[in-house]
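A look at the structure
If you want the building blocks of each chain, they are given just below.
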Amino acid sequence: MGAPTSLPAWAALARHRETLAGVHMRDLFAGDGERFRRLSLARGDFLLDYSKNRITAETMRLLANLAREAGVQRRRDAMFAGECINVSENRAVLHVALRAPADRPIRLDGTDVMGEVESVRQRMRRFADMVRAGKRTGATGRKFADVVNIGIGGSDLGPAMVCEALAPFRAGGPNPRFVSNIDGAALRDVFAACRPETSLFIVASKTFTTLETLTNAHSARRWVADALGEEAAGKHFVALSTNLDAVRAFGIDPDEMFPFWDWVGGRYSLWSAIGLSIAIAVGADNFAALLDGARDMDDHFREAPLEANMPAILGMLSVWYGNFWDAHTHAVLPYDQRLARFAAFLQQMEMESNGKSVTEGGAPVAWQTGPVLFGEPGTNGQHAFYQLIHQGTRLIPADFIGAARSQSPLGKHHQLLAANLFAQTEALMRGKTAAEVRAELAARGMSGAALEAAVPHRVFSGSRPSNTILYRALDPFTLGRLIALYEHKTFVEGTIWGIDSFDQWGVELGKQLAGTIAAELDGSKPPAAHDSSTRGLIDRFREWR
Ligand code: F6P
């Protein structure tokens, strides 16, 4: 594909954008009593309301044209067909196979991958059942009380986020714990809270070469071996990886390795063996329901026309704001404490996927690509950074996410939580005019110069965009839908931008330099040439040790 900026729909959108420059969302709502009905869509008990955006029906028509011209449907079909769409790594992108039905063949280079996928699923199920039932124990025969996933990036964020999100479904299972940071404090906390004889360590690494994960895994193994002996340690470790040789070299029996494949990207891997900690924590049936939910969103993404396709709509709106309204950030605001790690998870998915500045073909892009994504659960965010979203100078499109029913009901808490969610999207959309502020202040007895001085600070411009995703309850199926929605949204954005959303070369340089510096810090290599800042910091670090 050529530059998206040279597509006819891009030019049409740029012209259309001008016609919306002075249009306030309040007026769009006032002028169309059916706006919510027209600009929202549901799939069962999962609703996307995108009516509170700076859009009209014409905007959505043009955005769908852009997606079509950029080849979103063609590339989507290529992904599901196992074609090599990750061009810079020369790989297919088939995380969708991980949640596909076993009897629907998905071919890669002519071979159906579903047999292998199903066989790993069955092994995971058996293993999870046995750990939960206390039939697969540690060396002393005691049931595992803690399951510690050691991994980082995609080998951590997905399982950690899901285990927290599905906490109400964890009854009867061991405690899931996650160690990712190479900072020894993370592992020390686990040592303090757990006992070697009742701890199972899952070493999760696609490559099994990641410094943080291997360093943590070696230290964890030492901890177990010191307490229970070298022989016994083997009963406390399993591996999730694509790299059998490295797993063996680490000292984990290949029979204790759950494999996956190079066509599963790290940040799309929670559906694979990387999800073992989830299956153990919530049980294999709930893990299966998570996959079913994702598959349901896959089916929707494949089948629905772009104009009525949730991931396509979210992706197209992201392009709309990033490329036509100069938005640089995107907020994800779950009104659900269980989704406390959702924004962190999405940061990797979106920013590692779409933080690119060359096209698939390697040419520099001359258009904005992935936004900075951030978020915190509501209502916490309201008392932290929402001020800037409401009254700052930047346009920050936001996604609000919430459930009709709480999985942890307590008095009126959930109603108040939901009231805040709806209020925030309304406030962002409506704003508050100077006239409204004046009337409010006057009603409170203010007048004259004091009133006038107070007005500008209390005005809200409004017309600030948001999407709302509302579902009945956060159960495994719904969570599967939600995650897959964002996976495919990321795909749609990347396709329109013409970039490879499935590589991550940008993390390599820091890794390379850290290797050199680590050797300098432990004195095994002489000081290397550095800029004066890096040199100064290294010297001061050594001096202060
Ligand atoms: O951050 C780079 C990255 O390669 C991610 O894409 C990946 O999720 C993470 O490191 C961990 O990699 P691995 O699973 O191979 O240890």
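Cut-offs and rules
Residues numbered from 1 in each chain as written. Predicted model: local features only at pLDDT ≥ 70, side-chain atom pairs only at ≥ 80, totals over all residues. Heavy atoms only, no water. 1 Å grid on protein atoms, 1.4 Å probe; cavity = no way out; pocket = protein on both sides within 12 Å on 5 of 7 lines; lining within 4 Å. Points joined across faces, edges and corners; volume = space filled by probe spheres on them. Helix = DSSP H or I, 4+ residues; strand = E, 2+ residues; numbered from the N terminus. Domains from an automatic or database assignment. Nonpolar A, V, L, I, M, F, W, Y, C, P; charged D, E, K, R; others polar. Buried < 20%, exposed > 50% of the residue type's maximum accessible area, 1.4 Å probe, protein only. Contact = heavy atoms within 4.5 Å. Phe/Tyr/Trp six-rings, centres within 6.5 Å; stacked < 30°, edge-to-face > 60°. Pairing = 2+ DSSP bridges. Axes fitted to C-alpha atoms, helices over the stretch in contact; angles between N-to-C directions. Right-handed = clockwise from strand over helix to strand, strands pointing away. Arc of directions from axis to C-beta. Parallel < 35°, antiparallel > 145°, perpendicular 65-115°, else oblique. Left-handed = near helix turned anticlockwise from the far one by under 90°. Near = heavy atom within 4 Å. Polar contact = N/O pair within 3.5 Å; in protein donor to acceptor, adjacent residues only side chain to side chain. Areas by Shrake-Rupley, 256 points an atom, 1.4 Å probe, with all protein chains shown as cover. Sits in = over half its atoms within 2 Å of the grid points. Expected span 1.5 Å × (residues − 1). Salt bridge = Lys/Arg side-chain N within 4 Å of Asp/Glu carboxyl O.

**A few points about the layout of surface pockets**
Of the voids in this model, the largest pocket is the one considered here, and its volume is about 970 Å³. Surrounding the largest pocket, 36 residues form its lining, Thr 207, Thr 210, Gln 504, Val 507 and Lys 511 being those nearest its centre. Taken together, the elements giving at least two residues each to the lining of the largest pocket come down to α9 (211-228), α15 (342-354) and α21 (508-521). With 4 residues, α21 is the largest single contributor of residues to the lining of the largest pocket. Counting contributing residues per domain, the lining of the largest pocket is built from domain 2 (128-288) and domain 3 (507-544), each supplying no fewer than three. As a volume, the second largest pocket reaches approximately 400 Å³. Together, 19 residues line the second largest pocket, and Gln 337, Ser 406, Ser 408, His 414 and Leu 417 are the ones closest to its centre. Sorting elements by how many residues they give to the lining of the second largest pocket places helix α17 (residues 413-430) first, with 4 residues. Here the lining of the second largest pocket is built from residues that sort into 7 nonpolar, 9 polar and 3 charged.

**Describing the side chain of Glu 89**
When you line up the elements, Glu 89 lands in the loop between α5 (72-80) and β3 (107-108). Glu 89 gets classed as buried once you look at its relative accessible area, which sits at 17%. Contacts of Glu 89, omitting those with residues within four sequence positions, involve Phe 502, Asp 503, Gln 504 and Trp 505.

**Overview of the packing of aromatic side chains**
Across all of its chains, the model carries 20 aromatic pairs by this definition. Ring geometry for Trp 261 and Trp 263: centres 5.0 Å apart, planes at 5 degrees, overall stacked. Given a relative accessible area of 13%, Trp 261 falls into the buried group. You can call Trp 263 buried: its relative accessible area is 5%. Taking 6.4 Å as the distance between ring centres and 45 degrees as the angle between the ring planes, the aromatic pair formed by Phe 491 and Phe 502 counts as tilted. Highlighted residues: Phe 491 in helix α20 (residues 476-497) and Phe 502 in the loop between α20 and α21, separated in sequence by 11 residues. The structure contains a cluster of three or more aromatic residues connected by ring pairs, namely Phe 191, Phe 201, Phe 208, Trp 223, Phe 237 and Phe 250.

**So, the sheet that holds strand β6 (residues 175-179)**
Read from one edge to the other, the open sheet built from 5 strands follows the order β6-β5-β7-β8-β9, with strand pairing classed as parallel. This sheet does not close on itself; its edge strands, each paired only once, are β6 and β9 (257-259). On average, each strand axis in the sheet is inclined to that of its neighbour by 20 degrees, with strand direction left out of account. Looking at chain direction, strand β5 (residues 146-150) and β6 are connected through 5 bridges and run parallel.

**Some words on the pairing of β5**
Of all the 5 residues making up β5, 5 are buried; the element is thus mostly covered by neighbouring parts of the structure. Neither face of β5 is left uncovered, since the one carrying Asp 146, Val 148 and Ile 150 and the one carrying Val 147 and Asn 149 both have all their residues buried. At this point the chain moves from β5, through helix α7 (residues 157-165), to the parallel β6, and the crossover so formed is right-handed. As defined by bridge partners, β5 adjoins strand β7 (residues 199-204) across 5 bridges and the pair is classed as parallel. Bridging from a neighbouring strand, Asp 146 pairs with Ser 199 of β7.

**Concerning helix α8 (residues 184-193)**
Considered for burial, the residues of α8 that qualify are Leu 187, Val 190 and Phe 191. Down the axis, α8 shows its buried residues gathered within 100 degrees of arc, on one side only. Exposed side of α8, more than 90 degrees from the buried face: Arg 188, Asp 189 and Ala 192 are the residues found there. Those residues of α8 hidden inside the fold are in contact with β5, β6, β7 and α9.

**Quick notes on the packing of α7 against α15**
Contact pair α7 / α15: the axes reach a minimum separation of 9 Å and the direction vectors enclose 155 degrees. It follows that α7 is roughly antiparallel to α15 by the angle criterion. Relative to α15, the crossing made by α7 is left-handed. Facing α7, whose interface residues are Leu 157, Gly 158 and Met 161, α15 presents Phe 342, Ala 344, Phe 345 and Gln 348. Of the residues assigned to the contact of α7 with α15, the class counts are 5 nonpolar, 2 polar and no charged.

**Looking at the site of the ligand**
As a matter of local geometry, the ligand sits amid 13 residues, with Gly 154, Ser 155, Ser 205, Thr 207 and Thr 210 nearest to it. Here an oxygen atom of the ligand and a side-chain polar atom of Ser 155 are 2.6 Å apart. The contact in question runs from an oxygen atom of the ligand to an N or O atom on the side chain of Glu 352, over 2.8 Å. When the free accessible area of the ligand is taken as 390 Å², the share hidden by the protein chains comes to 87%. Taking a 2 Å distance to the grid points as the criterion, the majority of the atoms of the ligand fall inside the largest pocket. Looking at the shell around the ligand, its residues break down into 2 nonpolar, 9 polar and 2 charged.

**Considerations on helix α14 (residues 310-324)**
Helix length check: α14, at 15 residues, gives a terminal C-alpha distance of 20 Å against a target of 21 Å (1.5 Å per residue), a fit within 8%. Most of α14 sits inside the fold, with 15 of its 15 residues counted as buried.

**Looking at the domain arrangement of the protein chain**
In terms of domain boundaries, the protein chain breaks down into domain 1 (4-70 + 304-430 + 464-497), domain 2 (128-288) and domain 3 (507-544). Averaged C-alpha coordinates put domain 1 and domain 3 at centres separated by 41 Å.

**Re the pattern of salt bridges**
One pass over the full model with this rule turns up 38 salt bridges. We note a salt bridge from Arg 75 to Glu 360, for which the minimum N-O separation is 3.4 Å. Here Arg 75 is found in helix α5, whereas its partner Glu 360 is found in the loop between α15 and β11 (372-374), with 285 residues between them in sequence. For Arg 75, a relative accessible area of 11% gives the class buried. Among the ionic pairs, Arg 76 bridges to Asp 77, the shortest N-O distance being 3.1 Å. Looking at Arg 76, the relative accessible area reads 8%, which means it is buried.

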